[in-house]
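Chain by chain, the residues run as shown.
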Amino acid sequence: MKKLLTKKNLAALLLIIAIYALLFACDHLGVFNRQSKALLVPIGINIMLAVSLSLLVGFLGELSLGHAGFMSVGAYAGCMFTIHMDLPMAVELPLAMLLGGVVAAVFGFLIGIPALRLKGDYLAIVTLAFGEIIRSVLNNLGLVGGSGGLNGIPKYSNYTIVYVMMVITIIVIANLVHSRHGRAICSIRDNVIASEAMGIPVVYYKLMAFVAAAFFAGIAGVLYGHNLGILKPSTFDFNKSIEILVMVVMGGMGSLPGAVIAAIIITVLPEALRGLSDYRMLIYAVVLIAMMLLNNNARFNSFKQRLFSKRAARQGAQLTKEGE
Amino acid sequence: MEFLAQIINGLSLGSIYALIALGYTMVYGICKMLNFAHGDIIMVGAYTLSVAMSTLHFPPFLSILTSMVVCAMLGVIIERVAYKPLRNASPLAVLITAIGVSYFLESSALLIFGSTQRNVQSAISFPSVQLGELNISGNAIMTLIVTIILMIGLNWFINNTMTGKAMLAVSEDKGAAQLMGVNVNFTIAITFLIGSALAAVAGVLFISSYHFVGPYTGAMPGIKAFVAAVLGGIGSVPGAMLGGILLGLIESLAKAYISTQLADAIVFGVLIVVLLVKPTGLLGKKITEKV
């Protein structure tokens, strides 16, 4: 068995605790005003969503436009559970999260099955269709409040719980990606035929990626519901799925730290632009287009490469100096 | 009789979807990209029409022409500015850019016209026709006739003119077409021009039936038309026509006989079933994988 307490793991653990301590200190010293404190939970939830979608889009290489669908299924399942069970919070919320995750994972499995036959744009459209079906069914299901929304969800989410769940999500997905399974998933992205020829069970890994991504999206949905206290089907529309996708793509495909950073930026940016509220969406759109154009501009890329290679060269020089 | 009326409703709704789907499918066939901003071109077309008619007091025909020209120019400009630099980029980068363009158009419309929906009188109105017990609205007839004419015209254009043949050649193999002396950039620009002009017509027809336009008017018809294009087999022009008409029929029959609210779910459900049985859409070409 591999050693669990390596230097790298310890450093990661310290970083996790340090970030939490920083958040805790900022909260208690009154650094955050109400607005920025209210942003902490959505940031955590969006990071969970972005990281889980990253598994599908960045590592498996299948475009999913229905991530909000998984999120909404999990959210409704978990919130219905807490509304109808009268258990103490410490029991109720973990169970609700588990239930939400499992229900979403079941849907992930169901959507994963067509993914075995379809690929590329056709699969993207099936996931989009799935998201829309979920939304219009929820809109008409009296049991969960229909289009008026599901009210009276206890507001359990706070930044501690969300932070813990976020860290768990990142650790699980990062470990999955860097494991034997993760390498198999990446090989499917790079070349399906070759990986099939190497004896990788493509069906199994595709389904696994869908189930895992849906599971964590479901948990994020449960936390989302318990943060706002109300769930409306209209929040989980096509635009929400796109927003999550934008986080993944902006952070860089196949990069988990990138997804985390992009999730933070995309959650904070609209709030930071609140002063320009009328122009908010316009600026957002322009930033999106400009980033894509810059990222694919040969001149900008070579500039970036030079910048980074300089830094890498300097670091290399330092290392050799230390070695002497 | 009721059933026949629903069929006609479905045909007219479906032909609007088909017109929008044509734009999606032509662009996909040539650039292999999903132009998500296409739905919002409908909205721009509708706004242009309403401004031309009620603010500038243009006669109806001139207003429609203006709307088509504005949309066609817009389509070409979007291609030039946003998509052309990304021609060799990953499909996802192009997709995100298209989404950015879509947000850009929506939020610009929101800034210019505000969030309240604008009431638009229809550009052309036909009297409704009474056939026995059956009452067919003039709009439905007009939509059907316009769509049929445009589709025949487009088919003729693609198969019989040099530019149309160039479009087919580029969609088959961009590199080879370039070697044969086809001007690829010009052909792509023409594709966007035609697609956007068709979207403008769809926008005009759409608001002559619904009479309202807002910044998000184009979003849902856009998604439905996209679904229609995939249903018919994306990249295939007859497929987009078939897919659009089928989608309209399914939607209006589902609304009439099953449930108004669940109609969308049924439409998308049919799509999933069709794709599971025939993964490349109804008329899509099967691409064999080569190692």
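Quick note: structure is the one above.
All values derive from a computational prediction rather than experimental measurement. (Residues numbered from 1 in each chain as written. Chains lettered and ligands numbered in written order. Predicted model: local features only at pLDDT ≥ 70, side-chain atom pairs only at ≥ 80, totals over all residues. Heavy atoms only, no water.)

### Looking at the overall build of chain A
Then step 1. Looking only at helices and strands, one finds 13 helices and zero strands in chain A.
Then step 2. Ordered by position from the N terminus, the helices and strands of chain A form the series α-α-α-α-α-α-α-α-α-α-α-α-α.
Then step 3. Taking 20 Å as the expected radius of gyration for a compact globule of 324 residues, we find that chain A reaches 21 Å, a close match to that expectation.
Then step 4. C-alpha atoms of chain A, sized along the principal axes, occupy 70 × 55 × 50 Å. (Helix = DSSP H or I, 4+ residues; strand = E, 2+ residues; numbered from the N terminus. Rg over C-alpha atoms; globule rule 2.2 N^0.38 Å.)

### Considerations on the environment of B:Ala256
All names here are of chain B.
Then step 1. Its location among the elements puts Ala256 in helix 10 (residues 237-257).
Then step 2. Owing to a relative accessible area of 33%, Ala256 belongs among the partly exposed residues under this scheme.
Then step 3. Residues Ala256 and Phe3, 253 residues apart in the sequence, show an inter-C-alpha distance of 8.8 Å. (Buried < 20%, exposed > 50% of the residue type's maximum accessible area, 1.4 Å probe, protein only.)

### What about the side chain of A:Ser52?
All names here are of chain A.
Then step 1. Looking at where Ser52 falls in the secondary structure, it is placed in helix 2 (residues 34-60).
Then step 2. Using a relative accessible area of 0% as the deciding quantity, one classes Ser52 as buried.
Then step 3. Within polar-contact distance, the side chain of Ser52 engages the backbone oxygen of Leu49 at 2.9 Å.
Then step 4. There is a polar contact of 3.0 Å between the side chain of Ser52 and the side chain of His67.
Then step 5. Apart from residues lying up to four places away in sequence, Ser52 is in contact with His67, Ile173, Ala213, Phe216 and Ala217. (Polar contact = N/O pair within 3.5 Å; in protein donor to acceptor, adjacent residues only side chain to side chain. Contact = heavy atoms within 4.5 Å.)

### Considering the environment of A:Ile161
All names here are of chain A.
Then step 1. Along the chain, the position of Ile161 falls in helix 6 (residues 159-177).
Then step 2. Judged by relative accessible area, Ile161 falls into the buried class, the value being 17%.
Then step 3. Taking the C-alpha atoms as reference points, Ile161 and Leu93, separated by 68 residues in sequence, lie 9.7 Å from one another.
Then step 4. If we ignore the near neighbours within four places in the chain, the residues touching Ile161 are Met89, Leu93, Met97, Tyr156 and Leu223.

### A word on a nonpolar patch on the surface
Residues and elements named next belong to chain A.
Then step 1. A surface patch of nonpolar side chains, about 960 Å² in accessible area, is lined by Met85, Leu87, Val91, Leu95, Leu98, Val102, Val106, Phe109, Leu110, Ile113, Leu116 and Val203.
Then step 2. It is helix 4 (residues 89-115) that contributes the most residues to the nonpolar patch, eight residues altogether.
Then step 3. Mapped onto the fold, Met85 is located in the loop between helix 3 (67-84) and helix 4.
Then step 4. Of the residues examined, Met85 reaches a relative accessible area of 38% and is grouped as partly exposed. (Patch = residues over 30% accessible without salt bridge, like charges linked within 9 Å, V, L, I, M, F, W, Y side chains within 5 Å. Areas by Shrake-Rupley, 256 points an atom, 1.4 Å probe, with all protein chains shown as cover. Salt bridge = Lys/Arg side-chain N within 4 Å of Asp/Glu carboxyl O.)

### Considering the side chain of B:Thr191
Then step 1. Structurally, B:Thr191 can be placed in helix 8 (residues 184-210).
Then step 2. By relative accessible area, B:Thr191 is classed as buried at 1%.

### A look at the interface of chain B and chain A
Then step 1. Of the residues lining the interface, 44 residues belong to chain B; the matching set on chain A comes to 39 residues.
Then step 2. For the pair chain B and chain A, the summed buried area comes to about 3,600 Å², and 80% of that belongs to carbon and sulfur atoms.
Then step 3. The tally of links from chain B across to chain A stands at zero salt bridges.
Then step 4. On inspection of chain B and its partner chain A, the count reaches one residue pair in polar contact (both at pLDDT 80 or more). (Buried area = accessible area lost by both parts, 1.4 Å probe.)

### A short note on the pattern of salt bridges
Two side chains carrying opposite charge are able to pair once their charged atoms lie near each other.
Residues and elements named next belong to chain A.
Then step 1. Following the criterion strictly, the structure yields seven salt bridges over all chains and no others.
Then step 2. Measuring nitrogen to oxygen at the nearest pair gives 3.1 Å for the salt bridge that ties Asp190 to Arg189.
Then step 3. On the accessibility criterion, Asp190 (56% relative accessible area) is exposed.
Then step 4. Here Arg189 falls in the partly exposed class, since its relative accessible area comes to 35%.

### Here we look at helix 5 (residues 138-160) of chain B
All names here are of chain B.
Then step 1. Taking 1.5 Å of rise per residue, 23 residues should cover 33 Å, and helix 5 covers 33 Å from first to last C-alpha, within 8% of that figure.
Then step 2. Residues of helix 5 that are buried: Gly138, Asn139, Ala140, Met142, Thr143, Thr147, Met151, Leu154 and Ile158.
Then step 3. Where helix 5 is buried, its residues contact helix 1 (2-31), strand 3 (134-136), helix 6 (162-172), helix 8 and helix 10. (Expected span 1.5 Å × (residues − 1).)

### Some points on unusual backbone geometry
Residues and elements named next belong to chain B.
Then step 1. Backbone geometry at Lys32 places phi at a positive 55°, although glycine is not the residue there.
Then step 2. Of note, Lys32 is situated in the loop between helix 1 and helix 2 (38-55).
Then step 3. With a relative accessible area of 47%, Lys32 lands in the partly exposed category.
Then step 4. A positive phi angle, near 65°, is found at His211, a position not held by glycine.
Then step 5. Relative to the helices and strands, His211 resides in the loop between helix 8 and strand 4 (212-213).

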